[in-house]
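# Descriptive structure summary
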Amino acid sequence: MDKIIVVEGRSDKQRLLPLLAEPVEIICTNGTVSATRLEELLDPYAKLDIYVFVDADKSGEKLRALIKREYPEALHLYTDITYREVATTPIKVLASILLGANIDVKSEFIV
């Protein structure tokens with residue numbers, strides 16, 4: 001495993017897990033976190049590639065800004081604002097976003 005994906009909640013994690021064709025740890029922040037809590041969550045994975053996939057809403061953007069400040073090397077994935085949440089983004093769209101970030105997706109989800 002050389003990648004982690006940071007998401008906001010369990011529903012986001014549950015939505016992404018079935019798509020993955022490679023071992024990727026998915027870390028849930030469970031909403032907005034402090035810089036200290038973020039460090040506690042992510043420090044064990046400091047040597048891995050960090051991907052951030054949060055909702056296209058105010059709390060998601062707040063978390064994204066904090067991660068950009070604390071982990072500038074993290075790669076950010078974006079769902080379309082029309083879907084608002086990772087958990088409500090269509091599976092095929094999620095698969096396309098993950099593939100675009102060089103994360104392997106199971107073939108049945110590739111358009």
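As a starting point, this report considers the structure included with it. Numbers given to residues run from 1 along each chain, matching the order in which its sequence is written. Selection of residues for local features in this predicted model requires a pLDDT of at least 70, selection of side-chain atom pairs for listing and counting requires 80 or more, and totals for whole chains, interfaces and linings are taken over all residues. Values shown for side chains rest on all heavy atoms present in the structure; no hydrogens or waters enter the calculation.

This paragraph deals with helix α2 (residues 35–42). Listing the buried residues of α2 in full gives L38, L41 and L42. Taken around the axis of α2, the buried residues stretch over an arc of 80°, which confines them to a single face. What points out from α2, more than 90 degrees from its buried face, is the exposed set T36 and E40. Working rule for contacts: check all heavy atoms of both residues, and any pair within 4.5 Å makes them a contact. Numbering of helices and strands runs from the N terminus, with a helix taken as a DSSP run of H or I at least four residues long and a strand as a DSSP run of E at least two residues long. Tucked inside the fold, the buried residues of α2 contact β1 (3–7), β2 (25–28) and α3 (58–70). With a 1.4 Å probe rolled over the protein chains alone, any residue whose accessible area is under 20% of its type maximum counts as buried; one over 50% counts as exposed, and the rest are partly exposed. By arc we mean the arc of the directions from the helix axis to the C-beta atoms, nothing more.

Let us look at the sheet that holds β1. The sheet built from four strands is open, its strands ordered β2-β1-β3-β4 with parallel pairing. Of all the strands in the sheet, the pair left with one neighbour each is β2 and β4 (75–78). Each strand axis lies, on average, 25° off the axis of its neighbour in the sheet, ignoring direction. With four bridges connecting them, strand β3 (residues 49–54) and β4 associate as parallel partners. Counted as the bridge partner of V54 is Y78 from β4. Only strands that DSSP links by at least two bridges are regarded as paired with each other. Fitting a line to C-alpha atoms yields each axis, with helices limited to the stretch in contact; the angle taken between N-to-C directions then spans 0 to 180 degrees.

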